[in-house]
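# Overview (structure and organization)
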Amino acid sequence: MEPKEISQAVISRLPRYFRYLGELKDEGVERISSQELSTLMKVTASQIRQDFNNFGGFGQQGYGYNVQYLYSEIGKLLGLDKTHHLIIIGAGNLGQALANYINFERRGFIFEGIFDQNATLHGKKIRDMEVQPMENLERFVKENDIDIAVLTIPKGGAVKVAEKLVQYGIKAIWNFAHVDLNVPEGIQVENVHLSESLMKLSYNLRES
């Protein structure tokens, strides 16, 4: 039997479920019904059940969900039971802010290196990493088993850098550059366009 294809809409809701369940777990809640979770998350109980049914359901009729178990299982679906090794390309304000955000490490996302073409930044210490020149990138990726690259550079150079990253064996790119990347099939890209998010907020503010 072919594996069931899960919609991106469902996948995009998984991190939110994970976050709410983590908070419930920390509060000592052991069980929760889809209706109770619906009230907390402002998602219909029907939608929650449909989402979870894509992965086998996780619950029991009339019994609800075991919070710890559901939190653990969704974590596995999100790949959080593994450690991911990351590099940052771009040691500007955004790159430095991401490198300093310790919650990533708590989820298993470990920053191993940071790179920039600006020679004046080379050797600067950001947490326990020194900013390295781009010339070191290929060797570093291969020697440190890097699987995710974070792009925080201007869009002008992002496409070429992404092409090199793919050549070096990177399998996933978290892209903050304001450009859509054209990468080979099998390479995962998550685009984060901060200005688009702000414009969406502006629209909703205008309509409220």
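Nothing here was measured: the structure is a model prediction, and the numbers come from that model.

### With respect to the nonpolar core
The nonpolar side chains of a soluble globular protein tend to be buried with one another. I87, I89, L137, L151 and L165 are the most contacted members of the largest nonpolar core, which has 20 residues in total. Within the residue set of this core, elements represented by two or more residues are β3 (84-89), α7 (137-143), β7 (148-151) and α8 (155-168). Excluding anything up to four places from it in sequence, L151 contacts I89, A158, V161, A162, L165, I173, W174, N175, F176, A177 and L181. Within the second largest apolar cluster, 18 residues are counted, among which are L14, Y17, L21 and F52.

### Quick notes on helix α4 (residues 67-77)
For α4, the full list of buried residues reads V67, L70, Y71, E73, I74 and G75. The opening residue of α4 is N66, an N-cap whose side-chain oxygen sits 3.1 Å from the backbone nitrogen of Q68. Two residues or fewer after α4 comes G79, characterised by a positive phi angle close to 75°.

### A short note on the sheet that holds strand β4 (residues 109-115)
The strand order across the open sheet formed by seven strands is β5-β6-β4-β3-β7-β8-β9, and the pairing between neighbours is mixed. The open sheet has two edge strands, β5 (125-126) and β9 (188-191), and neither has a second partner. Summarising the sheet, β4 and strand β6 (residues 129-132) pair through two bridges and their orientation is parallel. Looking at β6, one finds that F115 is bridged to Q132. Across the sheet, α8 is in contact with β3, β7 and β8 (172-175); its angle to β7 comes to roughly 170°.

### Some words on the environment of S33
Its location among the elements puts S33 in the loop between β1 (31-32) and α2 (34-41). Judged by its relative accessible area of 25%, S33 falls in the partly exposed class. Through-space distance from the C-alpha of S33 to that of N93 is 43 Å; in sequence the pair is 60 residues apart. Apart from residues lying up to four places away in sequence, S33 is in contact with G64 and Y65.

Cut-off values and rules
- Residues numbered from 1 in each chain as written.
- Predicted model: local features only at pLDDT ≥ 70, side-chain atom pairs only at ≥ 80, totals over all residues.
- Heavy atoms only, no water.
- Core = buried A, V, L, I, M, F, W, Y, C linked by side-chain atoms within 4.5 Å.
- Buried < 20%, exposed > 50% of the residue type's maximum accessible area, 1.4 Å probe, protein only.
- Helix = DSSP H or I, 4+ residues; strand = E, 2+ residues; numbered from the N terminus.
- Contact = heavy atoms within 4.5 Å.
- Polar contact = N/O pair within 3.5 Å; in protein donor to acceptor, adjacent residues only side chain to side chain.
- Pairing = 2+ DSSP bridges.
- Axes fitted to C-alpha atoms, helices over the stretch in contact; angles between N-to-C directions.

Don't take any of this as a statement about function, it's just geometry.
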